[in-house]
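One letter stands for each residue in the lines below.
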Amino acid sequence: MHYFTNQFSTAVFSCLFAVLFTSVFAIAEDPAAWSANPDLVKKLSAKRSFNYDESKVPDYQLPDPLTMIDGTKVSSAQQWMTKRRPELLEQFRHLVYGRRPDTEYQVTFETTEEIENAFDGLANGRSMKAIITIDQRTYSFPFVVFTPNHATGKTPAVVAINNRYFIPLDKAVSEPDPYWPVKTLLQQGYASATFYTSHVDPDNKNDYADGIRAFFADGKPPTDDAWRSLSAWGWGASRVLDYLSTLPTVDANRVAVVGHSRGGKAAIWAAAEDERFAIAYSNNSGCGGAALSRRGYGETVKQITTVFPHWFTPQFAEYADRENELPIDQHETIALVAPRAVYVTSSDEDLWADPRGEYASLVAAAPVFELLGKTAIDEPTMPPLNRQRIVGQTGYHVRSGGHGLGQVDWDFFVEFMDSVLK
Ligand code: GTR
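Criteria and thresholds
- Residues numbered from 1 in each chain as written.
- Predicted model: local features only at pLDDT ≥ 70, side-chain atom pairs only at ≥ 80, totals over all residues.
- Heavy atoms only, no water.
- Helix = DSSP H or I, 4+ residues; strand = E, 2+ residues; numbered from the N terminus.
- Expected span 1.5 Å × (residues − 1).
- Buried < 20%, exposed > 50% of the residue type's maximum accessible area, 1.4 Å probe, protein only.
- Axes fitted to C-alpha atoms, helices over the stretch in contact; angles between N-to-C directions.
- Parallel < 35°, antiparallel > 145°, perpendicular 65-115°, else oblique.
- Left-handed = near helix turned anticlockwise from the far one by under 90°.
- Contact = heavy atoms within 4.5 Å.
- Pairing = 2+ DSSP bridges.
- pLDDT = per-residue confidence, 0-100.
- Arc of directions from axis to C-beta.
- Polar contact = N/O pair within 3.5 Å; in protein donor to acceptor, adjacent residues only side chain to side chain.
- Near = heavy atom within 4 Å.
- Areas by Shrake-Rupley, 256 points an atom, 1.4 Å probe, with all protein chains shown as cover.
- Nonpolar A, V, L, I, M, F, W, Y, C, P; charged D, E, K, R; others polar.
- Phe/Tyr/Trp six-rings, centres within 6.5 Å; stacked < 30°, edge-to-face > 60°.
- Lys NZ or Arg CZ within 6 Å of the ring centre and 35° of its normal.

A. Spatial organisation of helix 16 (residues 407-421). The first and last C-alpha atoms of helix 16 sit 20 Å apart over 15 residues, in line with the 21 Å expected at 1.5 Å per residue. All of the buried residues along helix 16 are Asp-409, Trp-410, Phe-412, Phe-413, Val-414, Phe-416, Met-417 and Leu-421.

If you want it as structure tokens, here you go:
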């Protein structure tokens, strides 16, 4: 008995010691939650008259995505999908991105070039043209697609909105590109397509006449409520999805839409407007994308609507310097994608895009995912630098370095896609 007691207490003691040791060790090892580098804050604050100081973020209260305009609290998934979601979508159309036209059109696809067995037999690639027809008039934009050759069953796919340049078929094969790492995606079992935003709607406030919006409006100037470029780019992603849906090898129910920065703003909105997208990935999207407007940190509503008036309706510009009065905020664009999946990312040095505001926005959308029977990140403390956080339908990382989309981001994103889609 004595022997047993002794043995028992030794065991308890070593257990306690082990627990204590590992937790002390874990605390010492566990890197801190991300916060902005104070030197960078100082440097940026000295250079520009925007707020980068966390202590100067105004007090704000976010609109509750689960409260209807008339004050009714949304309490069921059905109420969200049939009442609140359509109401919120309309608010965002009017106040932020504009309403897409309801004019009837046809879309057809033409293959202009093909490459078989690209990347050592991994995939077939195609240069495509999406041709939009209204009456006798046509508008077209190019896109490029790769589908894996040796997949068993239908593959999931990624539509990459590229706001920087067009990546033609031959270049996609010969030059690895961080904005579209198509080979890596194919190796992971994803088909993929990309297009260039300005081919759909020129990214220039003076070039409205040359884009899809003017084509739909038959040359007439946009009304206050009409769609703006971010929405037009998202619409372009939907046309590429139309094409992917015709391919027997692609599973159209598992398609992600991806974009960086202004493309990341367009990606969230693309998935809000088009419920066929299974995932929206918004990288460094900042103001008018994932970041909360009310924080007034980095880029502001005033700044963005002045410099890029073609991205938003004039209604959004009216909230310059009074973000607190906006009936909506950006967490609700993420909520519009629920119960589908959303991945948001920030960069350590990209304070212009407000990493904390991007993360807080994702967290503030969690109650909607939860009402819809899903899980999502609801932890208010940010993860450490370069540590991915995934909870059910949402994921996040903040990467070291500046504004951009790189291999690290894609690698984390593929992990997220795998966890949601496979
Ligand atoms: C900046 C703009 C941001 C972001 C970025 C980009 O000039 O202020 O909102 O969209 O461009 O697209 O790279």
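Right, picking up where we left off after that structure.
B. Spotlight on the packing of helix 3 (residues 77-97) against helix 10 (residues 262-273). It is the contact of helix 3 with helix 10, at a shortest axis distance of 11 Å, that shows an interaxial angle of 140°. The orientation of helix 3 relative to helix 10 falls into the category oblique. Note on packing geometry: the crossing formed by helix 3 with helix 10 is left-handed. Here Arg-85, Leu-89, Phe-92, Arg-93 and Tyr-97 of helix 3 come into contact with helix 10, specifically with Trp-269, Ala-271, Ala-272 and Glu-273.

C. Expanded view of the pairing of strand 8 (residues 341-347). Among the seven residues that make up strand 8, seven are buried, leaving the element largely enclosed by the rest of the structure. The side-chain alternation of strand 8 yields two buried faces, one formed by Ala-341, Tyr-343, Thr-345 and Ser-347 and the other by Val-342, Val-344 and Ser-346. As judged from the five bridges shared by strand 7 (residues 279-283) and strand 8, these two strands associate in the parallel manner. Opposite Ser-282, over in strand 8, you have Val-344 as the bridge partner. Strand direction decides the pairing type here: strand 8 and strand 10 (residues 394-399), joined by six bridges, are parallel.

D. The confidence of the model for the chain, seen in detail. Within the chain, residue pLDDT values average 94, and 93% of them lie at 70 or more. Low pLDDT (under 50) marks residues 15-19, which in the prediction has zero contacts with non-local residues, meaning those over four places away or in another chain.

E. Fine view of helix 2 (residues 38-47). Looking only at helix 2, the buried set comprises Leu-40, Val-41 and Leu-44. Take helix 2 and look down its axis: the buried residues cluster within an arc of 100°, on one side only. Among the exposed residues of helix 2, those pointing more than 90 degrees away from its buried face are Pro-38, Asp-39, Lys-42, Lys-43 and Ala-46. The opening residue of helix 2, the one whose side-chain oxygen lies 2.8 Å from the backbone nitrogen of Asp-39, is Asn-37.

F. Geometry of the site of the ligand. Residues in contact with the ligand, as listed here, are Ser-261, Arg-262, Lys-265, Glu-299, Ile-304, Phe-308, Trp-311, Trp-352 and His-403. For the ligand, an oxygen atom lies 2.5 Å from a polar atom in the side chain of Glu-299. Trp-352 places a side-chain nitrogen or oxygen 3.0 Å from an oxygen atom of the ligand. Against a free-state accessible area of 320 Å², the protein chains account for coverage of 82% of the ligand. Grouping the amino acids of the shell around the ligand by side-chain chemistry returns four nonpolar, two polar and three charged.

G. Broad picture of the packing of helix 9 (residues 229-246) against helix 10. With their axes 8 Å apart at the nearest point, helix 9 and helix 10 run at an angle of 65° to one another. Accordingly, the angle class assigned to the pair helix 9 and helix 10 is roughly perpendicular. Pair helix 9 / helix 10 crosses with right-handed handedness. Residue-level inspection shows Leu-230, Ser-231, Trp-233 and Gly-234 of helix 9 in contact with helix 10, the latter providing Arg-262, Lys-265, Ala-266, Trp-269 and Ala-270.

H. The packing of aromatic side chains, seen in detail. As enumerated under the stated definition, the model contains 32 aromatic pairs in all. Summarising the aromatic geometry, the rings of Tyr-52 and Tyr-297 are spaced 6.1 Å apart at their centres and angled 85° between planes, so their arrangement reads as edge-to-face. Of the two residues, Tyr-52 is situated in the loop between helix 2 and helix 3 and Tyr-297 in the loop between strand 7 and helix 11 (301-307); the sequence distance between them amounts to 245 residues. Residue classification places Tyr-297 among the buried residues on the basis of a relative accessible area of 5%. Seen in terms of ring centroids, Trp-233 and Trp-311 are 6.4 Å apart; in terms of plane orientation they differ by 70°. Their pairing is edge-to-face. Separated by 78 residues along the polypeptide, Trp-233 in helix 9 and Trp-311 in the loop between helix 11 and helix 12 (314-317) bring together distant segments of the chain. Neither residue differs from the other here; Trp-233 and Trp-311 are each classed as buried. An aromatic cluster is defined as three or more aromatic residues linked by ring pairs; in this entry it consists of Phe-92, Tyr-97, Trp-233, Trp-269, Phe-308, Trp-311, Phe-312 and Phe-316. Above the ring of Phe-215, the side-chain terminus of Arg-137 is found at 4.5 Å from the ring centroid. The positively charged end of Arg-239 is found above the aromatic ring belonging to Trp-235, 4.8 Å away from the centroid.

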